[in-house]
Amino acid sequence: EKAVPAIKPGGFYGGNVDVPLSTVGEAEALAAAKHIASNHLDEVKIIWSSPMRRALFGARAVGTALAVAASEGGVWQPPMEIDTFEAFREVDRGPIGAGWTDLTAEEIEARDGPDAMQRFALESTPGAFNAVNGGEGFCDVRSRVLEH
C-alpha cells in the first residue's frame, strides 16, 4: 500500500491525498451512522461514496448500522452495498509544495491573496483554478460529479 504523506495540523488535503479518519472522525462517523439508522431506516435505499478511505469508513458504518437496525425485527439483514464513484473524490487541492495540499488557509491566502479561498469557492470557469493551485476549483468538482 502506498504511504500516505503526513499532513500538518490545519493543513488542507484533498482528492489527491487519501488520509484516513482520525479517532475523533471515526467516532463522529459512527455516531452519524447510528443517527441515520435510528431516524431514517426506511428512507435509505442506496449508499454512494468516494473511494477514499475516510469516506468509505463512514459509508460502511451507515450500511452496517442500517443492517443492525433492520435485523432487530428478528430477520438478519446483510450490510448495504456501497457504490463507489471516482467522481465523488474530494476536491484536488494540487500537489504538496506547488498546490494547496498541506497548506493552512492562512498560508494559502498569504501566497495567493487574501481572497484566494473565496475565489476558489466561487470559481465558475472549469479548469481555471489549475493555474492557481495545480488542482481544481469547486466548479470542477461540481462538473465531474454532475457528469456522473
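Everything that follows concerns the structure shown earlier in this document.
Residues numbered from 1 in each chain as written. Predicted model: local features only at pLDDT ≥ 70, side-chain atom pairs only at ≥ 80, totals over all residues. Heavy atoms only, no water.

A. Quick peek at the packing of aromatic side chains. One pass over the full model with this rule turns up 7 aromatic pairs. Ring pairs connect the aromatic residues Trp100, Phe120, Phe129 and Phe138, which therefore count as one cluster. (Phe/Tyr/Trp six-rings, centres within 6.5 Å; stacked < 30°, edge-to-face > 60°.)

B. Molecular detail of the packing of helix 1 (residues 23-40) against helix 2 (residues 53-71). For the pair helix 1 and helix 2, the least separation of the axes is 8 Å and the interaxial angle reads 35°. For the pair helix 1 and helix 2, the crossing hand works out as right-handed. Of the residues in helix 2, those touching helix 1 at Glu26, Ala29, Leu30, Ala33, Lys34, Ile36 and Ala37 are Phe57, Gly58, Ala61, Val62, Ala65, Leu66 and Ala69. Each residue belonging to the contact of helix 1 with helix 2 can be placed in one class, and the counts come to 11 nonpolar, 1 polar and 2 charged. (Axes fitted to C-alpha atoms, helices over the stretch in contact; angles between N-to-C directions. Helix = DSSP H or I, 4+ residues; strand = E, 2+ residues; numbered from the N terminus. Left-handed = near helix turned anticlockwise from the far one by under 90°. Contact = heavy atoms within 4.5 Å. Nonpolar A, V, L, I, M, F, W, Y, C, P; charged D, E, K, R; others polar.)

C. Expanded view of the side chain of arginine 54. Here arginine 54 is to be found in helix 2. Relative accessible area serves as the criterion here: at 8%, arginine 54 is assigned to the buried category. A polar contact is formed between the side chain of arginine 54 and the backbone oxygen of valine 19, at a distance of 2.7 Å. Only 2.7 Å separates the side chain of arginine 54 from the side chain of glutamate 90, close enough to count as a polar contact. (Buried < 20%, exposed > 50% of the residue type's maximum accessible area, 1.4 Å probe, protein only. Polar contact = N/O pair within 3.5 Å; in protein donor to acceptor, adjacent residues only side chain to side chain.)

In short, geometric facts, not functional conclusions.
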